Amino acid sequence: MTDANDDSGTILVTGGAGYIGAHISHALASSGRRVAVLDDLSTGTADRLPDGVPFVEGDVGDARVVSAVLGDLGVTSVIHIAAKKQVGESVARPLWYYRQNVTAMATLLECCVDAGVDRFLFSSSAATYGMATDGLISEDTPAQPINPYGESKLIGEWLLADVARSAGLSYAALRYFNVAGAATPELGDPGVFNLIPMVFDALTRGEAPRIFGADWPTPDGTCIRDYVHIADLADAHICALDALAAGSGGSGGGAEVNGLVLNVGTGEGSSVQEVIDAIGRVLGRPVGAQVVARRPGDPAALVAKVDRIADVLGWTASRNLDDMVASAWEGWVALHPEAASLAT
């Protein structure tokens with residue numbers, strides 16, 4: 001097998017033109033890896049990619065396209081990020097989500113096995129845990145997803161494990177918690193699906209951001225989540241890929257990573273009100289929010305236990321909530337210049 005940064009092999013990033021994928025593509029390219037991107041541009045844009053990185057517009061569920069990319073570019077490792085990821089949309093369109101997130105992944109894996117790809121790193125999600133409420137959530141917490149999106153990610157983990165066992169593929173799955181921030185302003189989150197950009201969007205439109213319930217069993221009554229900076233998340237992917245290539249733990253010198261599921265978070269929770277307060281610090285003024293009714297299906301708290309990834313890869317998050325909010329704001333203003341006046 002080739003080393004992850006060996007010039008003899010290419011790392012293919014599926015969904016590499018999206019918010020998360022572009023960050024990972026840039027981090028890999030900056031570290032000297034040979035990178036290529038496959039993306040259908042349904043949510044990404046090709047201008048987010050690093051200069052000189054080969055790009056193919058196409059669907060991971062299209063075996064003809066995938067096989068050509070893997071063969072023509074000499075791909076030895078795949079980081080699979082391409083997926084649909086909106087919970088509400090998954091409830092409304094479950095068949096489509098299974099087709100996009102499971103059937104397409106099966107096609108991708110089949111092509112990888114046929115092409116002799118050595119390593120596969122899967123973008124999974126904390127949504128696999130569902131309503132877990134027992135303090136910090138470890139990888140051993142029962143996975144009980146409560147929506148088709150989370151179910152599709154868990155099935156993806158099962159599918160990958162089964163294929164890897166039969167084909168001798170080295171793999172790991174990273175369960176992301178709440179990803180936020182931007183490594184550079186031009187890579188800011190273009191979507192309005194997560195808390196921080198949702199607050200920015202409301203303020204830009206002259207509206208009060210909404211808090212869905214202030215009577216939760218938490219210190220300030222608002223929901224708590226584990227937010228991880230996207231630059232830290234990208235670093236975690238490099239550590240995991242290097243460990244797979246080395247056939248052992250990463251810089252921490254820990255245990256074998258192959259076959260593991262790893263939480264990617266900070267191990268610390270921030271409440272909705274604390275995030276809004278952090279946004280106020282970045283803007284230089286208080287941010288008033290409107291409390292509305294709880295959303296069905298929201299757990300009170302979801303915070304990652306991150307011992308395993310630290311032990312195995314030697315990786316820990318290095319950026320805090322204020323870092324995430326400040327960088328997210330710079331990215332928001334880059335995409336929405338009219339919002340700049342909101343900061344004092």
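The name an unreviewed UniProt entry assigns to the protein is UDP-glucose 4-epimerase, from the organism Candidatus Neomicrothrix parvicella RN1. The record held by UniProt for the protein lists under Pathway (unreviewed entry) the comment "Carbohydrate metabolism; galactose metabolism."

*Asks:* Sorry if this is basic, but what is going on with the overall build of the protein here?
*Replies:* Within the protein one finds 10 helices and 15 strands. Taking 2.2 N^0.38 as the reference for a compact globule, 344 residues should give roughly 20 Å; the C-alpha atoms of the protein span a radius of gyration of 20 Å, in line with that estimate. Its C-alpha atoms put the protein at 55 × 40 × 40 Å along the principal axes. Counting all 344 residues of the protein, 53% fall into the buried class. Within the protein, residue pairs in contact and separated by at least 24 positions form 77% of the contacts whose partners lie at least 6 positions apart. For the protein, the accessible surface area stands at approximately 14100 Å², while carbon and sulfur atoms represent 51% of it. Each charge class in the protein was averaged separately, 22 positive and 42 negative side chains, and the resulting centres sit 5 Å apart.

*Asks:* I'm lost on the pattern of salt bridges in this one. Help?
*Replies:* Proximity of charged atoms lets side chains of opposite charge pair with each other. One pass over the full model with this rule turns up 13 salt bridges. Across the pair Arg-308 and Asp-140 runs a salt bridge whose closest N-O atoms are separated by 3.3 Å. Note that Arg-308 is positioned in helix H9 (residues 307-313) and Asp-140 in the loop between strand S6 (136-137) and helix H5 (148-167), a separation of 168 residues in sequence. Judged by relative accessible area, which is 61%, Asp-140 ranks as exposed. Its salt-bridge partner being Arg-205, residue Glu-207 comes within 2.7 Å of it at the nearest N-O pair.

*Asks:* Is there a simple way to explain the packing of helix H4 (residues 94-115) against H5 in this structure?
*Replies:* Relative orientation of the contacting elements H4 and H5 amounts to 15°, with a least axis distance of 10 Å. Comparing the axis directions of H4 and H5 gives the class roughly parallel. In this structure, H4 crosses over H5, and the sense of that crossing is right-handed. Where H4 abuts H5, its residues Pro-94, Tyr-97, Tyr-98, Asn-101, Val-102, Met-105, Ala-106, Leu-109 and Val-113 lie against Pro-148, Tyr-149, Glu-151, Ser-152, Ile-155, Gly-156, Leu-159, Leu-160, Val-163 and Ala-167.

*Asks:* Would you explain unusual backbone geometry in this entry?
*Replies:* Most peptide bonds adopt trans geometry, and most residues besides glycine take a negative phi value. Although it is not a glycine, Leu-41 adopts a positive phi angle of roughly 60°. Relative to the elements of secondary structure, Leu-41 occurs in the loop between strand S2 (35-39) and strand S3 (55-57). Take Leu-41: its relative accessible area is 26%, and that puts it in the partly exposed class.

*Asks:* I would appreciate a short explanation of the domain arrangement of the protein in the present structure.
*Replies:* A common way to state how big an interface is: give the accessible area lost once the parts meet. The domains assigned to the protein are domain 1 (10-180 + 227-264) and domain 2 (185-225 + 266-342). Between the C-alpha centres of domain 1 and domain 2 there is a distance of 24 Å. With 43 residues of domain 1 in contact, the opposing surface of domain 2 contributes 36 residues. Taken over both partners, the interface formed by domain 1 and domain 2 buries close to 3400 Å², and the fraction arising from carbon and sulfur atoms is 64%. When the buried surface of domain 1 facing domain 2 is broken down by residue, Tyr-227, His-229 and Asp-232 rank first, second and third, together holding 23% of it. For the pair domain 1 and domain 2, the interface holds 4 salt bridges. Counting residues per element, the ones that place at least two in the side of domain 1 that touches domain 2 are helix H1 (19-30), S6, strand S8 (178-180), strand S11 (227-229), helix H7 (230-246) and strand S12 (260-264).

*Asks:* Would you mind going over helix H8 (residues 272-283) with me for this structure?
*Replies:* Structurally, the α-helix is built with 3.6 residues per turn, so residues lying three or four positions apart point the same way. With 12 residues, H8 should cover 16 Å at 1.5 Å per step; its first-to-last C-alpha distance of 17 Å lies within 8% of that length. All buried positions along H8 are accounted for by Val-272, Val-275, Ile-276, Ala-278, Ile-279, Gly-280 and Leu-283. Looking at the buried side of H8, the elements it contacts are helix H6 (195-204), strand S9 (210-212), S11, strand S13 (270-271) and helix H10 (321-335). At the exit of H8 stands Gly-284, carrying a positive phi of roughly 80°.

*Asks:* Can you walk me through the packing of H8 against H10 in this structure?
*Replies:* Each pair of packed helices gets described by two things: the angle between the helix axes and the distance between those axes. Between H8 and H10, whose axes approach to 9 Å, the crossing angle comes to 60°. In terms of orientation, H8 lies oblique with respect to H10. Note on packing geometry: the crossing formed by H8 with H10 is right-handed. Along the contact surface, H8 presents Glu-274, Val-275, Ala-278, Ile-279, Arg-281, Val-282 and Leu-283, while H10 presents Leu-321, Asp-322, Val-325, Ala-326 and Trp-329. Among the residues making up the contact of H8 with H10, the classes are represented as 9 nonpolar, no polar and 3 charged.

*Asks:* I keep staring at the sheet that holds strand S4 (residues 75-80) and nothing clicks. Help me out?
*Replies:* Strand pairing in a sheet relies on backbone hydrogen bonds. The paired strands run either parallel or antiparallel. Read from one edge to the other, the open sheet built from 7 strands follows the order S3-S2-S1-S4-S5-S7-S12, with strand pairing classed as parallel. In this open sheet, the two edge strands, each paired with only one partner strand, are S3 and S12. With direction set aside, neighbouring strand axes in the sheet form an average angle of 20°. Here 7 bridges tie strand S5 (residues 119-125) to strand S7 (residues 170-176), and the two strands are oriented parallel to one another.

*Asks:* Sorry, what's going on with the nonpolar core here?
*Replies:* Nonpolar side chains in soluble globular proteins tend to be buried together. Counting residues in hydrophobic clusters, the biggest one holds 45 residues, and the most contacted among them are Ile-20, Leu-28 and Leu-313. Those elements that provide at least two residues to this core are strand S1 (10-14), H1, S2, S7, H7, S12, strand S15 (301-304) and H9. In terms of residues, this core owes the most to one element, H7, which gives 9 residues. Each of domain 1 (10-180 + 227-264) and domain 2 (185-225 + 266-342) accounts for three or more of the residues forming this core. In contact with Ile-20, not counting residues within four places along its chain, are Ile-81, Lys-85, Tyr-176, Val-179, Ile-230 and Leu-233. Ranked by size, the runner-up nonpolar core spans 27 residues in total, among them Leu-70, Val-75, Leu-108 and Ala-161.

Basis of the calculations
- Residues numbered from 1 in each chain as written.
- Predicted model: local features only at pLDDT ≥ 70, side-chain atom pairs only at ≥ 80, totals over all residues.
- Heavy atoms only, no water.
- UniProt positions renumbered as here; feature names shortened; annotations may be inferred.
- Helix = DSSP H or I, 4+ residues; strand = E, 2+ residues; numbered from the N terminus.
- Rg over C-alpha atoms; globule rule 2.2 N^0.38 Å.
- Buried < 20%, exposed > 50% of the residue type's maximum accessible area, 1.4 Å probe, protein only.
- Contact = heavy atoms within 4.5 Å.
- Areas by Shrake-Rupley, 256 points an atom, 1.4 Å probe, with all protein chains shown as cover.
- Lys, Arg positive; Asp, Glu negative; His and termini not counted.
- Charge placed at Lys NZ, Arg CZ, Asp CG, Glu CD.
- Salt bridge = Lys/Arg side-chain N within 4 Å of Asp/Glu carboxyl O.
- Axes fitted to C-alpha atoms, helices over the stretch in contact; angles between N-to-C directions.
- Parallel < 35°, antiparallel > 145°, perpendicular 65-115°, else oblique.
- Left-handed = near helix turned anticlockwise from the far one by under 90°.
- Domains from an automatic or database assignment.
- Buried area = accessible area lost by both parts, 1.4 Å probe.
- Expected span 1.5 Å × (residues − 1).
- Nonpolar A, V, L, I, M, F, W, Y, C, P; charged D, E, K, R; others polar.
- Pairing = 2+ DSSP bridges.
- Core = buried A, V, L, I, M, F, W, Y, C linked by side-chain atoms within 4.5 Å.

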